[in-house]
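The primary structure of each chain is shown beneath.
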Amino acid sequence: MSSLPSEQGVETSLLSWLDGLGWETHGLDGSQGASVLDERYSRSTADVIYWDLLAEQAIAMNDAVTEDNVDRLVSSLKLDLDTDDLLVGNREFYAILTKGKQFQIDGEDGTEYVYVDLIDFADIERNRFHAVNQFSVSRGTTIRPDVNLFVNGIPLVTMELKSLAQDNDYYDAISDLHNYEETVPRLFVPGLFNVAADTTALRYGAVGAPTQFYMKWADAPEQYESDNEMRQAVQALCNPATLLDICKRFVFYDQRAGGDAKIVPRYMQYYAVTRLLDRVREGEPHPDPDERGHLDRGLIWHTQGSGKSFTMLYAAENLLSQDILDTPQVFLIVDTDKLASQMRDTLSNIGFEQSVVAESIDHLQELIEQGRSEVVLTTIQKFQDVEPNTQGNDEVVVMSDEAHRFMEKDLGSRLDAALPGCFHFGFTGTPVREGDEKSDRNTFDEFSPEGEEYLHRYSVKEGIEDGLILPVYFRLRHQMEWNVDEAGLDEEFEQQFAGLTTEEKREFIRESVTSRELAELEPRVETVVDEIDTHFDGVDKNGWKGMVVTPSRKSAAMYGERLMERRSEDEIEVLYTATSDDSDLIQQFHTENEERDQIVKQFKDEDEPKLLVVHNMLLTGFDAPNLKTMYLDRNLKNHNLMQAIARTNRVAEGKENGEIVDFQGVFENIDDALDYDPETQEYAARDREELFAELETQLDFVLDIFEDIPMDDSQEAIDQCLARVSTHPEKRKFKQGFRRLQNLYESVSPDGRLVQAGIQDDYKWLARVYTAFQRHHNRKDRPEDAMREKTRDIIEEHVDVGEIKRDFPVYELGQGHLEAIEDMDPATAATNVAHATREHLQPKTGQNPKYKRLSERVNDIVEEWEQGDRSDPEAVEALTEVEEEVLTVEAQAGDQAKAQAEFAIYTHLTEETPAAVDSEDEAQAIAADIVDEFEERIDRGYPGWAANETTVQTLEVVLLDALLKDHDRPALAKDDAFLDAVRGYLVENYV
């Protein structure tokens, strides 16, 4: 069995990589590195910034800051950390970090206000960079992230690390970071982003980001490239130059009605912008398009879902803020009014100050002539009637979204004429390469200089590997059997082909009738609708939604009518436009813009509608993560097909993949449907047979864990299974393997082959094992509630959960639990006592130093057991001793907060700092006086009292009074570690 590094090993590796980047690193030897800086800069654990270090740097970097006034600066900054809303506080402090702190200076000529730099972004060598482990912060509760990165004493990055060897991964680290943000938000007010990592993977996310927005950093400049992906990510993301560059120029705050969000760049956004800026820095635009050289254009080819809009905005922000051009005018060009409206909202939400929207052709003409240094948002269509050669700024940079539309209707020529001397960058997820190399519709010829296909690319494959988009699987349904209802065919058709048999008519229709005509034939409509109705039951069961794409308004209306007959009318919406000249069939589903917008909003945010039937709508610029399945009855190709595929590949929690049910045979020959490189063809959409094959492979992988164990429902068999997965690597393989298996099963089902191949029976048995595993290991009363819908149905139908509860009861820590352990087999007993003790101790570790030591002992024992360094009986014996000690400590501490706090302080004095007191009686007296003063002087009658700044300050006085006035113990009063510990005991026992 290969050995995985412990959490301490992960921490040491990460610190060593940071050390190689030039960070002053503490904790490489396994000690608490933060204690070095705590002592050097006299930090109390109530503080989140090394104020003395920041004061030194502020004086060194700012002429206006001196030894005489720096304390006033620090006091003002401390007030800036007080906030009731983490993101609001983070946004306001970010402005201080990047623009400076306004500071009043009293001089001989009177009072003036200056801006004080806390970080020198221009000369990074003037800053101090520290990387330390175990940075403890106590404010209401105590947290101790694994690694923190400080710039001039300010915590910009907080890292939480896990080890797969201890059954934890980066998801657990993210969960811990979220808990830290909630319990001690003050630490994250100055923060840039957080890092969650385990033995093999690293994710980073902005302060306040939910789990799904923690991302990979999967690329690096040559000097940081490494076969070790984690090392490469740490060095490429956290080297001082990149970190400060991101901090200064790659942060937006999206303020919207649904809640604020901090946005930091994804790696492909950062590197694409970097290359674009280099191109502008090195190049020179030429007014004659035929004479354009190598360095005045470029193509950014990023797959849909990768955030092209924000890539453009990051580029615009950097062009305006850096000294690359003197006074650049930047044009953001989109191809529809709806996209312009979305981009306008984004510019407003992020507070992009130097921006204007071209409201009309005349307004655009005016903006071009004025040439002000700002961002101009417009649609490409507005260039249709703009006068040529009126460019008022020689430093123009154009960025065209959906760049293939730039070439339509001679719009590109109009733009070239209006802005003859400009840099022009195309952004697209679906470049067009139609016809021969000199075709008028070739994105690469238009935007890529000779010898260069693209300036930067982020592929579908990379998007799937990074988890930004999902794989999409297709199933062919174009060769379905359907009856030719002769009465349903028009009279002319019948007369012309009266001599044909039914089979011959069917064959003629397939070969000769257009896809539009085919989709409007009554018998086929009935068959397709039956297929959609049946298939969508499985999609709807797991809470996902669907879209039917039709080739005509008539077919859309026909599908809509028949689907409403089979399902609730509220579930179905039909979207297209109609005129008064259209038939009643078509007119009944006519929708106006506002109505369609409302339907789309409800589709994204509400339970209904569940299924959209569309014609010529929502195939571009429509992102709904809850859309899983597209029923495709329209013959799409190339970039149009890529746009359609992208509608189903958006990420949502629990969504394993998107899928397309193909009624037109579009995917029968993928080479014809997608004229792209082989990688794009392979990953854009994959045959559903591959998904079924993946399910079979994953099922075998999980079943192999239980080789030689009878696959029956006896308690003996389940006991053997649980014993098999009680230690690593089998425990980890089963947890992760079944989670993956469940996702695949939910995606494939319903499928008759699941029953025919015996997969469903095997899955039922594994679901029973997993239910027992979850109850036994995670002590969940109803583990089935956390499972997905189809799996839950299987459990409810085939698993006697009551029997599992009886066979694998949840024990509370106590004498009854100790007695029950005696009757368990060693592996089961070790698992049970480990989980019970960990769960019992976890919320208590801050209440008493003994609980913390006992918790550490449990972790050490479990790690040794899971790594094979302790046998099952040895682990049971050691863990049982810990449980008995826990019960003894609880009995000594009592049930009341006052007694528990006194016992904690007494324990610390007698066991952690025994030389600081003369006797146990004195320790008891000190503890009692501290708690009495605390109860008398600290107002605990309101929510959040523990984290209130007044509480923190009053508690400081309480401790000093008790130690100095009542007991004359100056050494204890100066012992920051002791004071921090006591604060924690008081708060943890009274909250």
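Residues numbered from 1 in each chain as written. Predicted model: local features only at pLDDT ≥ 70, side-chain atom pairs only at ≥ 80, totals over all residues. Heavy atoms only, no water.

### Some words on the sheet that holds strand E22 (residues 572-575)
Threshold: Any two strands between which DSSP finds at least two bridges are classified as paired. Numbered from the N terminus, helices here are DSSP runs of H or I no shorter than four residues, and strands are runs of E no shorter than two. Note on definitions: a residue-residue contact is assigned when non-hydrogen atoms from the two residues lie within 4.5 Å. With axes taken as lines fitted to C-alpha atoms, and helix axes fitted only over the stretch in contact, angles between N-to-C directions fall between 0 and 180 degrees.
Strand order in the open sheet formed by seven strands is E22-E23-E21-E24-E25-E20-E26, with parallel pairing between adjacent strands. Lying at the two open borders of the sheet, with one neighbouring strand each, are E22 and strand E26 (686-687). Packed onto the sheet, helix H20 (residues 553-566) meets strand E21 (545-549), E22 and strand E23 (611-614) and runs at close to 170° relative to E22.

### Observations concerning the environment of Val356
Topologically, Val356 is positioned in strand E15 (residues 355-357). The sequence separation of Val356 and Leu367 amounts to 11 residues, and the corresponding C-alpha distance is 9.0 Å. Not counting residues within four places of it along the chain, the set of residues in contact with Val356 comprises His363, Leu367, Glu374, Val375, Val376 and Leu377.

### With respect to the sheet that holds strand E8 (residues 154-161)
Spatial strand order, E1-E4-E7-E8-E9-E10: six strands in an open sheet with mixed pairing. Every interior strand has two partners, whereas the edge strands, strand E1 (24-26) and strand E10 (202-206), have only one. The sheet shows a mean angle of 20° between the axes of neighbouring strands, taken without regard to direction. Its contacts with the sheet place helix H6 (residues 170-183) against E8, strand E9 (193-197) and E10, and it is angled at close to 145° to E9.

### Quick word on the environment of Gly543
The condition is simple: Accessibility here uses a 1.4 Å probe with only protein chains present; expressed as a share of the type maximum, an area under 20% marks a residue as buried, one over 50% as exposed, and anything in between as partly exposed.
Secondary-structure assignment places Gly543 in the loop between helix H19 (522-541) and E21. Given a relative accessible area of 48%, Gly543 falls into the partly exposed group. In this structure, the C-alpha to C-alpha distance between Gly543 and Gly654, residues 111 residues apart in sequence, is 9.9 Å.

### Description of the nonpolar core
As a reminder of what qualifies: Working definition of a nonpolar core: buried Ala, Val, Leu, Ile, Met, Phe, Trp, Tyr and Cys residues. They are joined through side-chain atoms within 4.5 Å.
Formed by 129 residues in total, the largest nonpolar core has its most connected members in Leu18, Trp217, Leu276 and Met399. With nine residues, the single largest contributor to this core is helix H9 (residues 267-282). Ignoring any residue separated from it by four or fewer positions in sequence, one finds Leu276 in contact with Ala315, Leu319, Met399, Phe425, Phe427 and Leu455. Leu841, Val858, Val862 and Phe934 belong to the second-largest nonpolar core, a separate cluster that totals 45 residues.

### A short note on unusual backbone geometry
The bulk of non-glycine residues show a negative phi, and the bulk of peptide bonds are trans. For the bond from Glu608 to Pro609, the omega torsion is 5°, close enough to zero to count as cis. Examined against the element boundaries, Pro609 turns out to sit in the loop between helix H22 (593-605) and E23. Here Asn389, not a glycine, exhibits a phi torsion of approximately 55°, which is positive. Within the secondary structure, Asn389 sits in the loop between strand E16 (375-379) and strand E17 (396-401).

### Here's the deal with helix H4 (residues 70-80)
In plain terms, the rule: The arc under discussion is defined with respect to the helix axis, by the directions toward the C-beta atoms.
Along H4, the residues classified as buried are Val70, Leu73, Val74 and Leu77. Down the axis of H4, the smallest arc covering the buried residues is 95°, so these residues share one side. What points out from H4, more than 90 degrees from its buried face, is the exposed set Asp71 and Leu79. Elements in contact with the buried residues of H4: helix H3 (51-61), helix H5 (86-99), strand E2 (101-107) and strand E3 (110-116).

### A word on helix H10 (residues 308-321)
Heads up, the rule is: By this rule, a helix spans an expected 1.5 Å times one less than how many residues it contains.
Helix length check: H10 (14 residues) gives 20 Å between terminal C-alpha atoms against 20 Å at 1.5 Å per residue, within 8%. The element H10 is largely enclosed, with a buried count of 11 among its 14 residues. Where H10 is concerned, the buried positions are Lys308, Phe310, Thr311, Met312, Leu313, Tyr314, Ala315, Ala316, Asn318, Leu319 and Leu320.

### Comments concerning the pairing of strand E20 (residues 472-476)
Along E20, four of the five residues are buried, which leaves the element largely enclosed by surrounding structure. Relative to strand E25 (residues 658-662), E20 is paired through five bridges, and the arrangement is parallel. Counterpart to Leu476 in the pairing with E25 is Asp662. Direction of pairing for E20 relative to E26: parallel, over a ladder of two bridges.

### Details of the packing of helix H35 (residues 849-866) against helix H36 (residues 872-893)
Filter applied, for reference: Each angle is binned into one of four classes, with values under 35 degrees roughly parallel, values over 145 roughly antiparallel, values of 65 to 115 roughly perpendicular, and all other values oblique. We call Asp, Glu, Lys and Arg charged. Ala, Val, Leu, Ile, Met, Phe, Trp, Tyr, Cys and Pro are nonpolar, and the rest, Gly among them, are polar.
Interhelical geometry of H35 versus H36 gives an angle of 170° and a closest axis separation of 10 Å. Considering the angle they form, H35 stands roughly antiparallel to H36. Two secondary-structure elements touch here, H35 through Lys850, Tyr851, Leu854, Arg857, Val858, Ile861, Val862 and Trp865 and H36 through Asp872, Ala875, Ala878, Leu879, Val882, Glu885, Val886, Val889, Glu890, Gln892 and Ala893. Considered class by class, the residues forming the contact of H35 with H36 number 13 nonpolar, one polar and five charged.

### Focus on the packing of aromatic side chains
Inclusion rule: Under the pairing criterion, centres of Phe, Tyr and Trp rings, with the six-membered ring standing for Trp, must be within 6.5 Å; the plane angle then separates stacked pairs below 30 degrees from edge-to-face pairs above 60, leaving the rest tilted.
Under the definition given, this model contains 32 aromatic pairs. Summarising the aromatic geometry, the rings of Tyr94 and Tyr253 are spaced 5.7 Å apart at their centres and angled 55° between planes, so their arrangement reads as tilted. Here Tyr253 lies in strand E11 (residues 252-254) and Tyr94 lies in helix H5, a separation of 159 residues in the sequence. Residue Tyr253 is classed as buried on the basis of its relative accessible area of 9%. One aromatic cluster is present, formed by Phe193, Tyr204, Trp217, Phe250, Phe252, Tyr267, Tyr270, Tyr271, Phe310, Tyr314, Phe352 and Tyr458 through successive ring pairs.

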